[in-house]
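A look at the structure
Below are the chains, spelled out letter by letter.
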Amino acid sequence: MELIYELSRPGRCAARLPECSVPPAKAKIPARLKRATPAALPEVSELDVVRHYTNLSRRNFSVDTHFYPLGSCTMKYNPKVNEQMARLDGFCQLHPLLPQLRNGGILTQGALRLIYETERLLAEITGMAEMTMQPMAGAHGELTGVMLMAAYHKKKGNRKKRILIPDSAHGTNPASAAIAGYSVTTIPSNSQGEMDAAALKRELTDDVAGVMLTSPNTVGLFERSLRDVVALVHSVDGLLYYDGANLNAFVGRVRPGDLGFDVVHLNLHKTFSTPHGGGGPGAGAVGVVDRLKPFLPVSRVVKRDDGTYALDYGAPDSIGYIAPFYGNFSVIVRAYTYLRMLGADGLREASDYAVLNANYIRAKLKDEFDVAYDRVCMHECVFSAARQAEHGVHAIDIAKALLDRGYHAPTVYFPLIVKEALMIEPTESESKETIDAFIEAMRGIARLSRENPQALHDAPVTTPVGRLDEVAAAKDIILTAG
Amino acid sequence: MARASFVPHVETELREMLDAIGVACIDDLFRDIPAEFQRRSLNIPKGQSELEIIRAVTALATKNRTDLVCFLGGGFYDHYRPAAVDAMLARGEFLTAYTPYQPEVAQGTLQAMFEFQSAVCRLTEMDVANASLYDGGTAIYEAAMMAARITGRAKILVDEGVNPIYRKMLRSYTTNLDIAFEEVPVCDGHADRERFIKALDGTVAGVVLQNPNFFGCIDDLTDVIAAAHKAGAMAVMSVYPVSLGMLKTPGAMDADIVVGEGQSLGLPLNFGGPYLGFMATRRQHVRKMPGRIAGMTRDAQGRRGFVLTLQAREQHIRLEKATSNICTNENLCALAATVYIAMMGRHGIRRVAELCADNASYAYHKLLEVPGVERTFSSIFFNEFCITLPRDARDVVGELVDRGYAAGFPVGRYYKGMENVALVAVTEMRTKEEIDGLAAALESII
């Protein structure tokens, strides 16, 4: 397709702006402070714009159009009512500085109450004492969480330098720990897909600030040694960080707080049904146990004795501002709508069926694909394409073949500890028919890998473009239109 | 059968699936988890129907005073958003996709990212841009870290005209890092040249500037940037993208890293988010830039396509050595900006900037006619300005709420000694009647 810039015709303009309603300015901005030439932005009609972006959108797979079993990303259905609520004028036209005017909190009571109630709901779901809704994405929540850990240790005078992270973790974990100022020590996994508790114990010295864990872990398993690990880490005054990317397995059944975690982050765009937007905006709520409460970022939404809500900036030990205001508010509106709509029973049911769907896929495909760890899984299952690789068919080929069959690919080559990994997360929103059809497609691909591997190397052939030359992209580095 | 969640399974399917797995019930799937860690229920309210939830959430929305005539800015503005923007964002194919890891089925998202990067470069007159960061504040932090990485130095000079909220964010993020900050006070609303030149010794990694600055003042910062370069430091400039419809660009001033808050480009105020951070830089620094980047390439048949490129910088490849930990960013907000920019185009973006500047100039002079109101600075401004009131701006602004105006921001909240100063923003949304009304209301209370 053409670029919007290639549709440009000099003099065309879609904008329909009003005449100036005020008398001519007394003092104009002088030429030395103005740009020399107009920005070369598109010159197109409104229909050009609408047709261009509508047609572009049709070159995407999405949850609304396709089964999207991308592991670790929880591509569940995003209810349309969430969108309707987020677009209410009373929310989307609200200026963030309004509550900072004197008595301004009174002007935004609905928004503050919504944030407060979302925090209460998520605190109950996670078993944490307090939440902050400010982090703007999952990795931003991780950074916030590690900053909270650092503030705790600093206050106590602990000299901590390292954070331990299993080798099955998301790449964001070590990256977040590093930019918060810690060095990272990687803990290997054992043959069961769980963190090697003995290796952890060897590394667990007094300079360890904490351990970042994902639970269920990224191979979709509950770490059976978790109870011991928690006790060990706490014994050196280390803190347990819970990466909530996989919370969709647990809601209503298992709470990170009950497991012994001290800090958690949640991805509202995963577990709580807010749309992923092609890569954001998300929201990464962070929860903490009591002893970390003083360090939470400002502002805090508080409920006064008279039942009104206010913003509190007066926390002396706070890590300070991590967002300009109160987080990605319209994402919070969507999550709140979802939480209230599902309620306790609906949330638990969603997690139960997410786990059911993943186990069904595991059971139905394990004769054709090597299951990475042959035991009951949680909300996602990880296979290895090692058997197919013997015929020269790799995880990437299977991914591309799925695209031709109308399915988004699973996450491939992650987690790093599984060779030729295919990480499938169906979520609870998908029906048995959809999953059965996907299973058939996977079985067909497995057959083809034995009978005609070349057909898989050629995939995809039905998509707007075939496999793209990523090496050339990184070498030529064309990042803007001509 | 109606159910609380969006689970589609009927009873017989549940049975078949449990049989296929070889367990008797769903509880059996959780047998790895010790019973003491499993709960029976949560103490949260029972679910509600869609109709009930609409009622409840709408009731909360009505408890926010969006009826006030908005003269609040401070980096976040009430701009006109063409209807086509939301119509495009509502396309489920954009809304419910994720990060384009499979480019063959994500060309819509990837091409839009590429068009966004192009728009940022054309607006700022820079070479390369990324596909978005969280917001204008985290973008400044990322830029400061990038300057430190490139220069191998650890001191950052920050102009006090940079949004005070962003300066607070910078401090939070670098508390535990070996990064030193020095804030340079402004002089008559402008970057203080003398102080900058004095502070620019050989240890400075970067200077952080903002144009228009927090007070709304505009400036040609070419000389400050040249001084920074002479001292081996990089120049980071935060900009307000709509103002670039008419103002001298950071590229023309020779900035090295340009960042900003993109909310003004078609995003609603949304009570503070989601917003849109952006970043552009010079070509030679592209591998040090954080965030997702879309690049153009070809498939085997020679067809043009787009991919996420230079991924060797990113966390999923480099782990703790990555340029940033960012993963999910603000892609849909960048799409909004891309559609907004296409709707406005070359002529519209300048027209919006001119309307803002004309309205603000009128409002400034109108408000200065109110007895007791004085100019704060002699500097030139774009669409936002400071005025000095005869008493505490917090009180004045508070009283104007009763007259139906969100009249401005009391600057004393962030700047000591400026308790009587209000920061007033005027966009193309405001009419002559509203401006006259504000002046009359102000006159009646002071």
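Residues numbered from 1 in each chain as written. Chains lettered and ligands numbered in written order. Predicted model: local features only at pLDDT ≥ 70, side-chain atom pairs only at ≥ 80, totals over all residues. Heavy atoms only, no water.

Next up on the list: the overall build of chain A. Of regular secondary structure, chain A possesses 15 helices and 13 strands. For chain A, whose C-alpha radius of gyration is 25 Å, the value lies close to the compact-globule estimate of 23 Å for 482 residues. By principal-axis analysis of the C-alpha atoms, chain A measures approximately 80 × 60 × 45 Å. When each of the 482 residues of chain A is scored for burial, the buried share is 69%. Considering only contacts within chain A whose residues lie at least 6 apart along the sequence, 71% involve residues at least 24 apart. Split by element, the accessible area of chain A, about 15300 Å² in all, is 49% carbon and sulfur. Of the charged side chains in chain A, 53 are positive and 54 negative, and the gap between their average positions amounts to 5 Å. (Helix = DSSP H or I, 4+ residues; strand = E, 2+ residues; numbered from the N terminus. Rg over C-alpha atoms; globule rule 2.2 N^0.38 Å. Buried < 20%, exposed > 50% of the residue type's maximum accessible area, 1.4 Å probe, protein only. Contact = heavy atoms within 4.5 Å. Areas by Shrake-Rupley, 256 points an atom, 1.4 Å probe, with all protein chains shown as cover. Lys, Arg positive; Asp, Glu negative; His and termini not counted. Charge placed at Lys NZ, Arg CZ, Asp CG, Glu CD.)

Let us now look at the overall build of chain B. Of regular secondary structure, chain B possesses 13 helices and 17 strands. Buried residues in chain B amount to 66% of all 446 residues. In chain B, 72% of the contacts between residues at least 6 apart in sequence involve partners at least 24 apart. Surface exposure of chain B reaches about 14500 Å², of which carbon and sulfur atoms provide 50%.

When the parts of a complex come together, some accessible area is lost, and that lost area is often used as the size of the interface. According to the domain assignment, chain A contains domain 1 (4–57), domain 2 (83–341) and domain 3 (350–458). A separation of 42 Å is found between the C-alpha centroids of domain 1 of chain A and domain 2 of chain A. (Domains from an automatic or database assignment.)

The nonpolar side chains of a soluble globular protein tend to be buried with one another. Counting 218 residues, the largest nonpolar core has Leu122, Ile125, Phe250, Leu268 and Phe272 of chain A as its most contacted members. Per-element tally for this core: the top contributor is helix α10 (residues 329–365) of chain A, with 20 residues. Ignoring sequence-local partners within four residues, the contact set of Ile125 of chain A consists of Leu247, Val251, Val254, Arg255, Pro256, Phe272, Leu339 and Leu347 of chain A together with Leu42 and Ile44 of chain B. Listed in part, the 91 residues of the second largest apolar core include Leu110, Ile225, Val242 and Ile341 of chain B. (Core = buried A, V, L, I, M, F, W, Y, C linked by side-chain atoms within 4.5 Å.)

All names here are of chain B. For chain B, the domain assignment lists domain 1 (69–79 + 346–445) and domain 2 (83–340). The gap between the C-alpha centroids of domain 1 and domain 2 is 28 Å. Contacts between the two partners involve 29 residues from domain 1, matched on the other side by 32 residues from domain 2. Roughly 2400 Å² of surface becomes buried between domain 1 and domain 2 when both sides are summed, with 70% attributable to carbon and sulfur atoms. (Buried area = accessible area lost by both parts, 1.4 Å probe.)

Considering all chains together, one arrives at 62 salt bridges over all chains under this definition. Here Arg162 of chain A makes a salt bridge to Glu203 of chain A, at a shortest N to O gap of 2.8 Å. Here Arg162 of chain A is found in strand β2 (residues 162–166), whereas its partner Glu203 of chain A is found in helix α7 (residues 197–203), with 41 residues between them in sequence. Judged by its relative accessible area of 30%, Glu203 of chain A falls in the partly exposed class. Between Arg65 of chain B and Asp67 of chain B there is a salt bridge whose closest N-O contact spans 2.9 Å. Among the charged side chains, a network of salt bridges with common partners joins Glu119, Arg120, Glu130 and Arg300 of chain A. (Salt bridge = Lys/Arg side-chain N within 4 Å of Asp/Glu carboxyl O.)

All right, on to the packing of aromatic side chains then. Each aromatic ring pair is specified by the distance between its two centres and by the angle formed by the two planes. By the definition in use, this model includes 30 aromatic pairs over all chains. Between the aromatic rings of Phe215 of chain B and Phe377 of chain B, the centroid separation amounts to 5.1 Å while the plane-to-plane angle is 55°, which identifies the pairing as tilted. Of the two residues, Phe215 of chain B sits in the loop between β7 (204–211) and α9 (222–230) while Phe377 of chain B sits in the loop between β13 (374–375) and β14 (384–388), which places them 162 residues apart along the sequence. Across the pair, Phe377 of chain B and Phe215 of chain B agree in class, each one buried. Taken together, the ring pairs in this structure connect Phe91, Phe325, Tyr326 and Phe329 of chain A together with Phe76, Tyr166, Phe271 and Tyr275 of chain B into an aromatic cluster. Just above the ring of Phe30 of chain B sits the side chain of Arg253 of chain A; from NZ or CZ to the centre is 4.0 Å. Lying across the ring of Tyr5 of chain A, Arg122 of chain B places its NZ or CZ 4.2 Å from the centre. (Phe/Tyr/Trp six-rings, centres within 6.5 Å; stacked < 30°, edge-to-face > 60°. Lys NZ or Arg CZ within 6 Å of the ring centre and 35° of its normal.)

This part takes up unusual backbone geometry. Residue and element names in this part refer to chain A. In this chain, Ser215 is followed by Pro216 through a cis amide linkage whose omega measures -10°. Relative to the helices and strands, Pro216 is located in the loop between β4 (208–214) and α8 (226–235). With an omega of 0°, the peptide bond between Val298 and Ser299 qualifies as cis. Relative to the assigned elements, Ser299 resides in the loop between β7 (286–288) and β8 (300–303). A positive phi angle, near 55°, is found at Asp237, a position not held by glycine. With respect to the helices and strands, the residue Asp237 is situated in the loop between α8 and β5 (239–244). A relative accessible area of 17% places Asp237 in the buried class. Non-glycine residue Tyr413 carries a positive phi angle of around 60°. You can see Tyr413 is positioned in the loop between β12 (411–412) and β13 (421–424).

Residue and element names in this part refer to chain A. A sheet is described by the order of its strands in space; here seven strands give the open sequence β1-β7-β6-β5-β4-β2-β3, paired in mixed fashion. Two strands close off the open sheet at either side, each with one partner strand: β1 (130–132) and β3 (183–187). Between one strand axis and the next, the sheet turns through 25° on average, direction left out of account. Pairing of β4 with β5, which is carried by five bridges, proceeds in the parallel orientation. Following the sheet pairing, Leu213 is matched in β5 by Tyr242. Sheet strands touched by helix α6 (residues 172–179): β2, β3, β4 and β5. Its angle to β2, the strand with the most contacts, is close to 175°. (Pairing = 2+ DSSP bridges. Axes fitted to C-alpha atoms, helices over the stretch in contact; angles between N-to-C directions.)

The next point concerns the pairing of β8 of chain A. All names here are of chain A. One ladder, built from four bridges, connects β8 with strand β9 (residues 309–312); its direction is antiparallel. Pairing of Arg300 across the sheet is with Asp312, part of β9. Taken together, β8 and the strand that follows it, β9, pair antiparallel across an intervening segment of five residues, in which Gly307 is found at a positive phi of about 90°.

On to the interface of chain B and chain A, then. Listed per partner, the contact involves 191 residues of chain B and 206 residues of chain A. In terms of surface lost to chain A, no three residues of chain B exceed Glu104, Arg122 and Phe271 of chain B, which account for 6% of the buried area on that side. Salt-bridge contacts for Glu36 of chain B lead to Arg227 of chain A; the nearest nitrogen and oxygen are separated by 2.3 Å. Between chain B and chain A we count 92 residue pairs in polar contact (both at pLDDT 80 or more) in total. Broken down by element, the side of chain B that touches chain A gets its largest block of residues, 25 residues, from helix α11 (residues 331–368) of chain B. Here the residues of the side of chain B that touches chain A sort into 96 nonpolar, 52 polar and 43 charged. (Polar contact = N/O pair within 3.5 Å; in protein donor to acceptor, adjacent residues only side chain to side chain. Nonpolar A, V, L, I, M, F, W, Y, C, P; charged D, E, K, R; others polar.)

In this section: the sheet that holds strand β10 (residues 277–281) of chain B. Residue and element names in this part refer to chain B. Taken together, the seven strands give an open sheet; going across it, the order is β2-β10-β9-β8-β7-β3-β4, and neighbouring strands pair in mixed fashion. A single partner strand is all that each edge strand has here, and the edge strands are β2 (128–129) and β4 (180–184). Two elements, β7 and strand β8 (residues 234–239), share six bridges in a ladder whose sense is parallel. Across the sheet, the residue bridging to Leu209 is Met237, located in β8. The sheet contacts of helix α5 (residues 107–124) involve β2, β8, β9 (257–261) and β10, and relative to β10 the element is tilted by about 65°. Across the sheet, helix α6 (residues 136–151) is in contact with β3 (155–159), β7, β8, β9 and β10; its angle to β9 comes to roughly 165°.

As for its position among the elements, Asn60 of chain A is in the loop between α1 (46–57) and α2 (80–86). Classification of Asn60 of chain A by relative accessible area gives buried; the value is 4%. With residues up to four places along the chain from it excluded, the contact list for Asn60 of chain A reads Thr65 of chain A together with Glu93, Phe94, Ala97, Val105, Ala106, Gln107, Gly108 and Thr109 of chain B.

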